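# Close look at the chain arrangement
Each chain is listed here by its residues.
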Amino acid sequence: MAKGKDKKLSDRLFFNLKSCWEETDEKTEKEVEALALDYKQFLDRGKTERECIDAVCELLEKEGFRNIDAMNNQAFKPGMKVYRNIRGKSALAAVIGKKPAAEGCNILGAHIDSPRLDLKQRPLYEDSDLALFDTHYYGGIKKYQWTTIPLSMHGVFINEDGKKTAIRIGEEPGDPVFTVTDLLPHLAKEQMEKKASVAVEGEDLDILAGSRPYKDPDNDEKEKVKLAILDLLNKKYGVTEKSFASAEIEFVPAFKASDVGLDRSLIGAYGHDDRCCAFPALKAITALSRNKTAPEKTLVLYLSDKEETGSAGNTGARSLNFENFLAMLCENETQLRLCFSRSSMLSADVNAAFDPTYASVFDNKNAAFIGKGIVLEKYTGSGGKYGASDANAEFCAKVQAILDRNKIQWQCGELGKVDKGGGGTIALYAANLGMDVLDCGVPVLSMHSPFEVISKIDLFTTYRGYMAFLTEI
Ligand code: MN
Ligand code: MN
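Structure report, in brief. These figures come from a predicted structure and were not determined experimentally. (Residues numbered from 1 in each chain as written. Chains lettered and ligands numbered in written order. Predicted model: local features only at pLDDT ≥ 70, side-chain atom pairs only at ≥ 80, totals over all residues. Heavy atoms only, no water.)

### Digging into the coordination of the manganese ion (ligand 1)
With distances of 2.2 to 2.6 Å, the protein atoms coordinating the manganese ion (ligand 1) are His 111 (NE2), Asp 273 (OD), Asp 349 (OD) and Asp 349 (OD). The sequence pattern describing where the donors of the manganese ion (ligand 1) fall on their chain is H-x161-D-x75-D. Between the manganese ion (ligand 1) and the manganese ion (ligand 2) the interatomic distance comes to 3.4 Å, and Asp 273 is a ligand of both metals. With a gap of 76 residues between them, Asp 273 in helix H7 (residues 272-289) and Asp 349 in the loop between strand S15 (344-347) and strand S16 (351-352) connect regions that are remote in the sequence. A residue is classified by how much of its surface remains accessible, and Asp 273, at 3% relative accessible area, is buried. Owing to a relative accessible area of 7%, Asp 349 belongs among the buried residues under this scheme. (Donors = N, O, S within 2.8 Å, 3.2 Å for Na, K, Ca; no water. Helix = DSSP H or I, 4+ residues; strand = E, 2+ residues; numbered from the N terminus. Buried < 20%, exposed > 50% of the residue type's maximum accessible area, 1.4 Å probe, protein only.)

### Re the pattern of salt bridges
For the structure on display, the rule yields 29 salt bridges. Among the salt bridges present, the one from Lys 27 reaches Glu 31, with a minimum N-O distance of 3.2 Å. Of this pair, Lys 27 and Glu 31 both sit in helix H2 (residues 26-45), separated by four residues, roughly a single helical turn. The partner of Asp 305 in a salt bridge is Lys 306, with the nearest N and O atoms 3.4 Å apart. Given the relative accessible area of 0%, Asp 305 is considered buried. The exposure class assigned to Lys 306 is buried, which follows from its relative accessible area of 18%. By sharing partners, the salt bridges in this structure join Glu 33, Lys 40, Asp 259, Arg 264 and Lys 456 into a single network. (Salt bridge = Lys/Arg side-chain N within 4 Å of Asp/Glu carboxyl O.)

### Examining the packing of aromatic side chains
One pass over the full model with this rule turns up 13 aromatic pairs. On the numbers, 5.1 Å between centres and 80° between planes, the contact of Phe 157 with Phe 244 is edge-to-face. Of the two residues, Phe 157 sits in strand S7 (residues 151-158) while Phe 244 sits in the loop between helix H6 (224-237) and strand S11 (248-253), which places them 87 residues apart along the sequence. Each of the two residues, Phe 157 as well as Phe 244, counts as buried. Ring geometry for Tyr 302 versus Phe 322: centroids 4.8 Å apart, planes at 5°, classification stacked. Linking Tyr 302 in strand S14 (residues 299-304) with Phe 322 in helix H8 (residues 321-329), this pair joins segments that are 20 residues apart in sequence. (Phe/Tyr/Trp six-rings, centres within 6.5 Å; stacked < 30°, edge-to-face > 60°.)

### Digging into the sheet that holds strand S10 (residues 207-210)
Strands sit in the order S8-S7-S11-S5-S6-S10-S9 across an open sheet of seven strands; the sheet is antiparallel. The sheet is open, and its two borders are formed by strand S8 (164-169) and strand S9 (179-180), each paired with just one other strand. Sheet analysis places strand S6 (residues 130-138) next to S10, joined by three bridges and oriented antiparallel. Counted as the bridge partner of Ala 131 is Gly 210 from S10. Strand contacts of H6: strand S5 (116-127), S6, S8 and S10, with the helix running at about 125° to S5, the strand carrying the most contacts. (Pairing = 2+ DSSP bridges. Contact = heavy atoms within 4.5 Å. Axes fitted to C-alpha atoms, helices over the stretch in contact; angles between N-to-C directions.)

### Observations regarding a nonpolar patch on the surface
A contiguous nonpolar patch, built from Leu 9, Leu 13 and Phe 14 and spanning about 360 Å² of accessible area, is present on the exposed surface. In this fold, Leu 13 is placed in helix H1 (residues 9-13). (Patch = residues over 30% accessible without salt bridge, like charges linked within 9 Å, V, L, I, M, F, W, Y side chains within 5 Å. Areas by Shrake-Rupley, 256 points an atom, 1.4 Å probe, with all protein chains shown as cover.)

### As for the coordination of the manganese ion (ligand 2)
Asp 273 (OD), Glu 308 (OE), Glu 308 (OE) and His 448 (NE2) make up the full set of protein donors to the manganese ion (ligand 2), lying at 2.0 to 2.6 Å. Read from N- to C-terminus, the donor residues coordinating the manganese ion (ligand 2) fall into the pattern D-x34-E-x139-H.

### Re the sheet that holds strand S13 (residues 266-269)
Adjacent strands of a sheet pair through backbone hydrogen bonds, lying either parallel or antiparallel. The sheet built from three strands is open, its strands ordered S12-S13-S23 with antiparallel pairing. A strand with exactly one partner marks an edge of an open sheet, and here the two such strands are strand S12 (258-260) and strand S23 (452-455). When strand polarity is set aside, the average angle formed by the axes of neighbouring strands in this sheet is 35°. Direction of pairing for S13 relative to S23: antiparallel, over a ladder of four bridges. Directly across from Ala 269, in S23, lies its bridge partner Glu 452. Where helix H12 (residues 456-472) meets the sheet, its contacts fall on S12, S13 and S23, and the angle it forms with S23 comes to roughly 65°.

Right, here's the structure in full:
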């Protein structure tokens, strides 16, 4: 391609992007495919925050990261790798740099919770010879999307002695699955005239659990189907109806991550938001942790829970978990505060991809597009940037320059037209600590639906972007 002043004036001055696929050679396409395959397995393995953190910590251990809570205040040396598991639902990891943490860390922060259906505390009931589970949905969903699809059951029961029993039903071949029923169109005249937000209401998201009554002629219990279900659960897991009151049981789509499209350029799956950023972030930090020499600055990975419900709670990004972990890497309080103000973070989270079917809600000059690379979202929020973390121009430019230097295509991404809605990420909690932070991740189609879609090339570009950021910021 012609350079400098030989280029057409418009080529030099305009900011126009092509699909990243146009630039890929055979070797790159192989790398793209390998990362996608690894990612699909990661998705299928960890469909809930607990399963995902199990998978993450297992990988970290394999890569030589040591559990910081088992280390007895041992001094950190450059190149050391540590991690912390927060209640099995959130995790932090670090590769200790040559410079002290007080000089600032290079941080990637993503979340690993996704919208789903949680069981209530007294979920099981029987009606008309059917056993049903009553749910309370988690995160922002379009409720009608969660009916008539196969669901799998995940979570934990804790018995009186504190013994934990993990449940995972509907993921293995031959497993039964679950579903929320919907009304047949023949009788749905009234339902179809309702607004989409109430056509299926939250209280209607009840899950079919069984229909076979308990067989015992001497038992005059009225709820025999419910009894049979409890009997099954009791025999297999030792639980009773009361066990649900403390349990965390989550229903998520039972289908596996799959390639989408004849050209296999896309991946459809449950839970891309935000595992399609958590995964490349994890891969980037583990890849860099294998370098022979320690990084200049300490590299940190933060995987938080509860983002989809506002990051509150003791595993969410508004808790002190993040600060506590950084405190463990610093010598004293002053050093910690210096670490906050000198650190640089990418809030690794997804953005809405422009959808031509729903073009009217997007500003197509500022929206992110499938296949056009990692998205830099300078600000989030809604209305007049309310609740936004708005990254500083200096920091944005620095990140953009790093990506440009490494020939990593990036694009802008504003979530929809002004006043059409909005959203937030964990960026503002890091920004509150005085860090530089920018939202940066993969564009997603059908976000928050049971089957979200991303591009393999965007996943790959994001991975490369995170690598470059950790190394060069
Ligand atoms: Mn997200
Ligand atoms: Mn989300």
